[in-house]
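One-letter residues, chain by chain:
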2 protein chains.
Amino acid sequence: MPAVSDCINMLDSETKAVETPEDHAEELRLWLRLLTCTTLIEGEVRGRLRQRFDVTLPRFDLMAQLDKAPDGMTLSDVSKRMMVSNGNVTGLVERLVESGHLDRRTSETDRRVQVIRLTKLGRAEFRRMAAEHETWIADLFADLSPKDVRELMRLLAKTKASAQKSAARRRP
Amino acid sequence: MPAVSDCINMLDSETKAVETPEDHAEELRLWLRLLTCTTLIEGEVRGRLRQRFDVTLPRFDLMAQLDKAPDGMTLSDVSKRMMVSNGNVTGLVERLVESGHLDRRTSETDRRVQVIRLTKLGRAEFRRMAAEHETWIADLFADLSPKDVRELMRLLAKTKASAQKSAARRRP
DNA sequence: GGAAATCATTTTAGGCTTAAAACAATTCGG
DNA sequence: CCGAATTGTTTTAAGCCTAAAATGATTTCC
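The rules we used
Residues numbered from 1 in each chain as written. Chains lettered and ligands numbered in written order. Predicted model: local features only at pLDDT ≥ 70, side-chain atom pairs only at ≥ 80, totals over all residues. Heavy atoms only, no water. Near = heavy atom within 4 Å. Helix = DSSP H or I, 4+ residues; strand = E, 2+ residues; numbered from the N terminus. Nonpolar A, V, L, I, M, F, W, Y, C, P; charged D, E, K, R; others polar. Salt bridge = Lys/Arg side-chain N within 4 Å of Asp/Glu carboxyl O. Buried < 20%, exposed > 50% of the residue type's maximum accessible area, 1.4 Å probe, protein only. Polar contact = N/O pair within 3.5 Å; in protein donor to acceptor, adjacent residues only side chain to side chain. Contact = heavy atoms within 4.5 Å. Buried area = accessible area lost by both parts, 1.4 Å probe. Least-squares fit on C-alpha atoms with pLDDT ≥ 70 in both.

*Asks:* Just give me the short version of the protein's contact with DNA strand C, but keep the residues and values in it.
*Replies:* Near DNA strand C you find 24 residues, and of these Ser85(A), Arg95(A), Ser76(B), Asn86(B) and Arg104(B) are the closest. Counting residues per element, the ones that place at least two in the surface near DNA strand C are helix H3 (57–67) and helix H5 (86–98) of chain A together with helix H4 (75–82) and helix H5 (86–98) of chain B. Of all the elements, H5(A) adds the most residues to the surface near DNA strand C, at four residues. Looking at side-chain class alone, the surface near DNA strand C contains six nonpolar, ten polar and eight charged residues.

*Asks:* Provide a residue-level description of the pattern of salt bridges, including the pertinent values.
*Replies:* Taken as a whole and judged by the stated rule, the model has 26 salt bridges over all chains. We note a salt bridge from Glu151(B) to Arg154(B), for which the minimum N-O separation is 2.9 Å. Of this pair, Glu151(B) and Arg154(B) are both found in helix H7 (residues 146–170), three residues apart, which corresponds to roughly one turn of the helix. For Arg154(B), a relative accessible area of 41% translates into the label partly exposed. One connected set of salt bridges, linked through shared partners, spans Glu44(A), Arg48(A) and Arg170(B).

*Asks:* I'd like to hear about the protein's contact with DNA strand D, residue by residue, with values.
*Replies:* Around DNA strand D lies a shell of 24 residues, among which Ser76(A), Asn86(A), Arg104(A), Ser85(B) and Arg95(B) are the nearest. Among all atoms of DNA strand D positioned within 4 Å of the protein, those belonging to sugar or phosphate total 79%. Between DNA strand D and Ser85(B) there is a distance of 2.6 Å, counted from a phosphate oxygen to a backbone nitrogen or oxygen. Between a phosphate oxygen of DNA strand D and a main-chain N or O atom of Arg111(B), the distance comes to 3.0 Å. Contributions of two or more residues to the surface near DNA strand D are made by helix H4 (75–82) and H5 of chain A together with helix H3 (57–67) and H5 of chain B.

*Asks:* Tell me about the interface of chain B and chain A, and please be specific about residues and values.
*Replies:* Contacts between the two partners involve 56 residues from chain B and, on the opposite side, 56 residues from chain A. At the boundary of chain B with chain A, total buried surface from both sides reaches about 6,000 Å², with 70% on carbon and sulfur atoms. Interface area lost by chain B to chain A is led by Leu30(B), Trp31(B) and Met153(B), which between them contribute 12%. Across the contact surface, chain B and chain A share eight salt bridges.

*Asks:* An account of unusual backbone geometry is needed here, citing residue identities and associated values.
*Replies:* Residue and element names in this part refer to chain A. Here aspartate 54, not a glycine, exhibits a phi torsion of approximately 50°, which is positive. Along the polypeptide, aspartate 54 turns up in the loop between helix H2 (25–53) and H3. On the basis of relative accessibility, which here comes to 68%, the residue aspartate 54 falls in the exposed class.

*Asks:* Residues and numbers for the relation of the copies chain B and chain A, please.
*Replies:* Aligned on chain A, chain B shows an RMSD of 0.0 Å; the corresponding rotation is 180° and the shift along the axis is 0.0 Å. Each copy turns onto its partner about a two-fold axis. Interface overlap between copies is the fraction of interface residues in one copy that are interface residues in the other; for chain B against chain A it reaches 100%, indicating a shared surface.

Okay, here's the thing in structure tokens:
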């Protein structure tokens, strides 16, 4: 419910309601702050992955998805999970197969489908990177109390739901 | 202070302390959720900018920086503000000058420096896009109460500070 | 004054990313 | 069954992005 004061400039000099855009500055500031946090952390992680393991963040992310799926995933699954385009995954997988980290085969039951999984090498390297990665994240969030973490989790869950709803409204 | 139960598996069968990696699963989950939220919203904004105005998000972001600086900015300033590489800005600016949205000139007092500003066209188009953009953001965050927004702002400020501190520790 | 360090920007090489179109295989509806 | 939609993937064209090296201008410090 908007306060009376918020309505003052919705009335013109003749005290007739006019179309005045609502003020959404707070949400805008929130979005910019969210983006800043993510960019900051992402850049840091990207740099450390490159320095320590000479690997890119997208490759690491892709391997992380596969590590959770011992039986492999289809390219579409990966693309949905990573929230990136299909063509993007095609290229990433190409390079990771080339470097021996991924195994790729056409599904027996549906010849459209490509199933990819980590190779032994891929899994071993990922585990090694993931262990260190986890300590970086812990360090980056070190000044948040457990309560802060819980509260952020809760609010971000709410944010995600809100954004998904809004996206669905536009593209039903 | 860790609870006693957290220490149980830090003792091996002979009741001697062993090196056990700490559990940072919560922070990791928090980071993934933060990333998911940002990716979701960013993708939505990117798509809407393209559909409605045929403009990319990086171009919009760059114009947003310049809109706040009527006297223009140097490329370095822009690069720092946007948290992207210098070379990246060079390319973006090139295309925006080409399309008539930006004006670029060498500083009178320091011939290393390039000062860029919005042209009349650039400013007009940006204002038009920004107004609509603000409503998208408001809609994406619509299910958050004002209190949620405040609380999220607070926690993200804390997160940003923590991450900056951690980044500074590595790269002093 | 001049060499050395610093600073702002550009270039380079490689990879990431997207939207849209194209292709290929499967499923669905008559 | 068979044509039409759908689905999974790849290709294409364009743009974004980075780190590192190169270039050019300015400042610093003997």
